[in-house]
Amino acid sequence: MTFSYTPQEPEPRRGGAGQPQPQVPEVLVNGEPAAPMENPQRLSGRISPAGAHGRALIQDAPTQTLDAQVAPPPEVVNGNVILYRRPNFFVRTVYRPGQKQPPLRKPSGYTAKTPTVIPDQEKRIAFSETRMMPSVTVHTTKQTKAIPMPAWLEAVIVVLALAGTFVAHAYNMFNYPRYELDEGTYMSNAWAITQGMLSPYPYGYGHPPLAWIQIAAWIKLTGGLFTFGNAINSGRAFMLLYAVGSALLVYLIVRRLGGSRSAALLALAIFSFSPLSITYQVQVFLDNIATFWLLLAIYFLAISNSRLIYIVLAAIAFGISVLSKEVFLVALPAMIYGAWLHTTRFQRKFTLVAFIYIVMAICSVFVLLAILKGELFPYEWHLPGDTHPHVSMWDSLIGQVQRGEENGSLAQSLTAWEDDQLFLICSLAAPGFNLLYGLWNRRLLLYYMVLSLPPFRFFVKGWLRKTKESLPDVTVVRDRHFLLALLAIFFWLLLVRGGQVLSFYIIPLIPLVALNTAMALNTILGWLGKLVRFDVVRAVLLVIAIAAVVTYDIQDTGFRFYQHPTSAQNQALVWIRAHVPHNAFIVINSYLYLDLRVPGGVGVGDGAPYPHAEVYWNVAYDPELHSQALENNWDRIDYIVADSEMLLDIQTYGGQVGIGGMGIIYQALKNSVQLAEFRTNDHSLQIVVDVFQVNHKNSPQTVYQAPAAGSGALAQTDMTALPGGPSPGDHFGLADRQRAITS
């Protein structure tokens, strides 16, 4: 059945009194006029124009009373079927040739179709008023900068600043500062990794092994332990790369959070040229490695913009930081706040769960290592399956927590940090300012936290439900001061907690203080720029501050560029190579270990190594050495090579217990004569290295060669901790006993 009708002339858009009413179109049935229909809108089907005569065709399904005719093809424009056309309006759809829409049910011939349009829909569309959208002016002007700078010029400035960092840290780094016990410990552990062990002595869980695993990879990449001279020099070359990388991250973090190039350069200058940075950043400390990964995690958070991939990378980097040194776990609350701060409201729960889970999963590897080795809990507990004496992670952690101030206190460390008084002032003032400024900007967050407490939560929810309001999203405040302040404060709390505090514990605070100082000063000078309505003032003052900081630091650095305290330690190695028999039992400090035990070291040269050169802490407390190799007999020790710190430890702990523990070395020292002494300036003091030969009461005997200990060696239960001394099972966690350098 085919219906056609001829549309009338366009009717006026608005009806009313005196206006012509729309007429019903003439309908032709099979070419002849048909009777008027009461409701022509009930006709269903497809409407299409028919040529230039102004007629439209309405095609419907055949019925039992009307003859079907073939309708002309529909009008197609650019692949679209024109369903309805008026002079000022048309309706079209997507045209897909050959595609048939499946009906809801098969037609029976007696089924009436539902109208495709509601009643009077056609009239209302035809006579509706067309309205134009208001013109909107789009502002595309960019935010003006105080000092416009192209990207290539900024890159050149940053490269030059990093080159200055490299030179400041590399110059004289093999001569100053002196080699420390910790440096020898971590380099020995890294060498043990290349030999398939976690430590050359029984591993006591003093620190996670990931940091010296990274050093071991550096040793492999550079061709061995002695590529840069002695073993510790190779480690210091690796630390130089971490120092430059940390300087770059400091710049990028401030550049991202503060948006100011001059403030970012100020942070880089504070970090790179501080006397404390030049002193500690080149030494082989686990803190330097962990600090780099912490800064990388902060940078990933800063650039995340709620993108999950960067949040995941931040969690991985922070987990590596904790596995490099476990104390960095104190920054976890601040890092969780950073993840919360850099995610949108609807993603926050998922992001925080992902961040915390990844961090905990990575950190749990350390615990899993102890579980797999059966060394998580002490042997004294006699747990099921625990059948032999061994070290335990539990004992090591408890021993570290209980360490007192005998081996290093905050007061002694402050004496070592007095060389950089400006840094100490900034380390307190800048985080304090950022904390107060951040709390003021986050006062809505404090209100929200208070209202979320159980006493108030019920009433707040009822009030919000009644008023149909919601609490504001506090993350719209783009403030990062509170995050940086929290990071610095948590590490300060670690230092002021009481207990043992060594001078190099300041390492993670150096970049955090630089970040806080740059952000605080940029904010204060920004207020001044707004006051004078000229933002260039802020940038100029920051550049002046950079020049003042660099000048001050260079003046205070001074002696670090020309003193060479390591020369006395190297001279002792050369003397041993020339005068000490290779089968002698030598008690040494850890920084001499690799150069005497590994072929090619400074103390070995082209000759044979010294297989019985042992670190004094392990001689005292490792039963494989003092019980098996020495048979608890001081007369089996041949030589003692000791500096002032080592002599202090021997006299302090050896005189208290007689022959046990450090007493075996103390008795040997009392029955020895001094053969050589090496002395050089070290800051305002002098470093002295003495070589003692033990006078034997009996004829020398062949020293028992203990089996290779490694990470799986057994330890007996007689490793009792002395007051203020090492904890049970903490063999090479004893490296933390470094003394503070006094001025």
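The structure we're discussing is the one just above.
Nothing here was measured: the structure is a model prediction, and the numbers come from that model.

**Let's talk about the packing of aromatic side chains**
Reasoning step 1: With the rule as written, the count across this model stands at 28 aromatic pairs.
Reasoning step 2: Here Tyr186 and Trp212 contribute two aromatic rings whose centre-to-centre distance is 6.4 Å and whose plane-to-plane angle is 10°, an arrangement assigned as stacked. With Tyr186 in helix α3 (residues 181–194) and Trp212 in helix α4 (residues 210–222), the pair connects residues that are 26 residues apart, well separated along the chain. Considered together, Tyr186 and Trp212 belong to a single accessibility category, that of buried residues.
Reasoning step 3: Where Tyr337 meets Trp340, the ring centres are 5.8 Å apart and the plane angle is 20°; that geometry is what we call stacked. Highlighted residues: Tyr337 and Trp340, both in helix α10 (residues 332–341), separated by three residues, approximately one helical turn.
Reasoning step 4: Residue Tyr337 is classed as buried on the basis of its relative accessible area, which comes to 11%.
Reasoning step 5: Ring pairing ties together the aromatic residues Trp218, Phe228, Phe238, Tyr242, Phe292 and Trp293, which thus form one cluster.

**Focus on the pairing of strand β13 (residues 685–694)**
Reasoning step 1: Of all ten residues in β13, seven are buried; the element is thus mostly enclosed.
Reasoning step 2: Where strand β11 (residues 639–643) meets β13, five bridges bridge the pair, whose relative direction is antiparallel. Directly across from Tyr639, in β13, lies its bridge partner Gln693.
Reasoning step 3: In the sheet, strand β12 (residues 672–682) pairs with β13 via ten bridges, with the strands oriented antiparallel. Paired with Ser672 across the strands is Val694, a residue of β13.

**Describing the packing of α10 against helix α17 (residues 481–496)**
Reasoning step 1: Running from N to C, α10 and α17 cross one another at 170°; their axes reach a closest spacing of 9 Å. Put simply, α10 runs roughly antiparallel to α17. Residues Pro333, Ala334, Met335, Tyr337 and Gly338 of α10 lie in contact with α17, whose contacting residues are Phe482, Leu483, Leu486, Leu487 and Phe490.

**Thoughts on the environment of Val598**
Reasoning step 1: With respect to the helices and strands, Val598 occurs in the loop between α21 (593–597) and β10 (613–615).
Reasoning step 2: Along the chain, Val598 and Pro611 lie 13 residues apart, while their C-alpha atoms are 8.7 Å from each other.
Reasoning step 3: With residues near it in sequence (within four places) discarded, Val598 still touches Trp191, Leu225, Phe226, Val604 and Pro609.

**Examining the environment of Tyr357**
Reasoning step 1: Within the fold, Tyr357 resides in helix α11 (residues 348–372).
Reasoning step 2: Spatially, the C-alpha atoms of Tyr357 and Ala315 are 8.7 Å apart, while their sequence positions differ by 42 residues.

**Some thoughts on the nonpolar core**
Reasoning step 1: In terms of nonpolar packing, the biggest core is built from 177 residues, with Ile215, Ile586, Tyr616, Ile640 and Ile665 touching the most fellow members.
Reasoning step 2: Per element, the largest residue contribution to this core is 15 residues, and it comes from helix α5 (residues 231–258).
Reasoning step 3: Not counting chain neighbours up to four residues away, the residues in contact with Ile586 comprise Ile576, Val580, Tyr610, His612, Ala613, Glu614, Tyr639 and Val641.

**Things to note about helix α14 (residues 421–441)**
Reasoning step 1: In this model, α14 (21 residues) spans 30 Å end to end at C-alpha, consistent with the 30 Å of a helix rising 1.5 Å per residue.
Reasoning step 2: When α14 is considered as a whole, its buried residues turn out to be Phe423, Leu424, Ser427, Ala430, Pro431, Asn434, Gly438 and Asn441.

**Focus: helix α2 (residues 151–170)**
Reasoning step 1: The end-to-end C-alpha distance of α2, which contains 20 residues, comes to 28 Å, matching closely the 28 Å that a straight helix rising 1.5 Å per residue would cover.
Reasoning step 2: For α2, the set of buried residues is Glu154, Val158, Ala161, Leu162, Thr165, Ala168 and His169. Projected down its long axis, α2 carries its buried residues within an arc of 120°, all on one side. Opposite its buried face, α2 presents the exposed residues Trp152, Val159, Leu160 and Val167, each directed more than 90 degrees away.
Reasoning step 3: Where α2 is buried, its residues contact α5, α6 (261–273) and α7 (275–280).

**Some thoughts on the side chain of Ser503**
Reasoning step 1: Among the structural elements, Ser503 can be located in the loop between α17 and α18 (509–532).
Reasoning step 2: At a separation of 3.4 Å, a polar atom in the side chain of Ser503 contacts the side chain of Tyr280.

**Quick notes on the sheet that holds β13**
Reasoning step 1: The strand order across the open sheet built from five strands is β10-β9-β11-β13-β12, with neighbouring strands paired in mixed fashion. The strands lining the two open edges of the sheet, one partner per strand, are β10 and β12. Neighbouring strand axes in the sheet, compared pairwise and without regard to direction, differ in orientation by 20° on average.
Reasoning step 2: The pairing of strand β9 (residues 586–588) with β10 spans three bridges and is classified as parallel. Note on β10: the bridge partner recorded for Ile588 is Val615.

**With respect to the pattern of salt bridges**
One side chain can pair with another of opposite charge once the charged atoms of both are near each other.
Reasoning step 1: Counted by the stated rule, this structure contains eleven salt bridges.
Reasoning step 2: The residue Glu154 makes a salt bridge to Arg255 at a minimum N-O spacing of 2.9 Å. Here the residue Glu154 occupies a position in helix α2, and Arg255 occupies one in helix α5, the gap between them amounting to 101 residues.
Reasoning step 3: Using a relative accessible area of 15% as the deciding quantity, one classes Glu154 as buried.
Reasoning step 4: For Arg255, a relative accessible area of 23% translates into the label partly exposed.
Reasoning step 5: One salt bridge in this structure joins Arg178 and Glu645, with 3.0 Å as the shortest N-O distance. Residue Arg178 is located in the loop between α2 and α3, and its partner Glu645 is located in helix α24 (residues 644–657); the two are separated by 467 residues in the primary sequence.
Reasoning step 6: Relative accessible area serves as the criterion here: at 12%, Arg178 is assigned to the buried category.
Reasoning step 7: Using a relative accessible area of 13% as the deciding quantity, one classes Glu645 as buried.

Definitions and cut-offs
- Residues numbered from 1 in each chain as written.
- Predicted model: local features only at pLDDT ≥ 70, side-chain atom pairs only at ≥ 80, totals over all residues.
- Heavy atoms only, no water.
- Phe/Tyr/Trp six-rings, centres within 6.5 Å; stacked < 30°, edge-to-face > 60°.
- Helix = DSSP H or I, 4+ residues; strand = E, 2+ residues; numbered from the N terminus.
- Buried < 20%, exposed > 50% of the residue type's maximum accessible area, 1.4 Å probe, protein only.
- Pairing = 2+ DSSP bridges.
- Axes fitted to C-alpha atoms, helices over the stretch in contact; angles between N-to-C directions.
- Parallel < 35°, antiparallel > 145°, perpendicular 65-115°, else oblique.
- Contact = heavy atoms within 4.5 Å.
- Core = buried A, V, L, I, M, F, W, Y, C linked by side-chain atoms within 4.5 Å.
- Expected span 1.5 Å × (residues − 1).
- Arc of directions from axis to C-beta.
- Polar contact = N/O pair within 3.5 Å; in protein donor to acceptor, adjacent residues only side chain to side chain.
- Salt bridge = Lys/Arg side-chain N within 4 Å of Asp/Glu carboxyl O.

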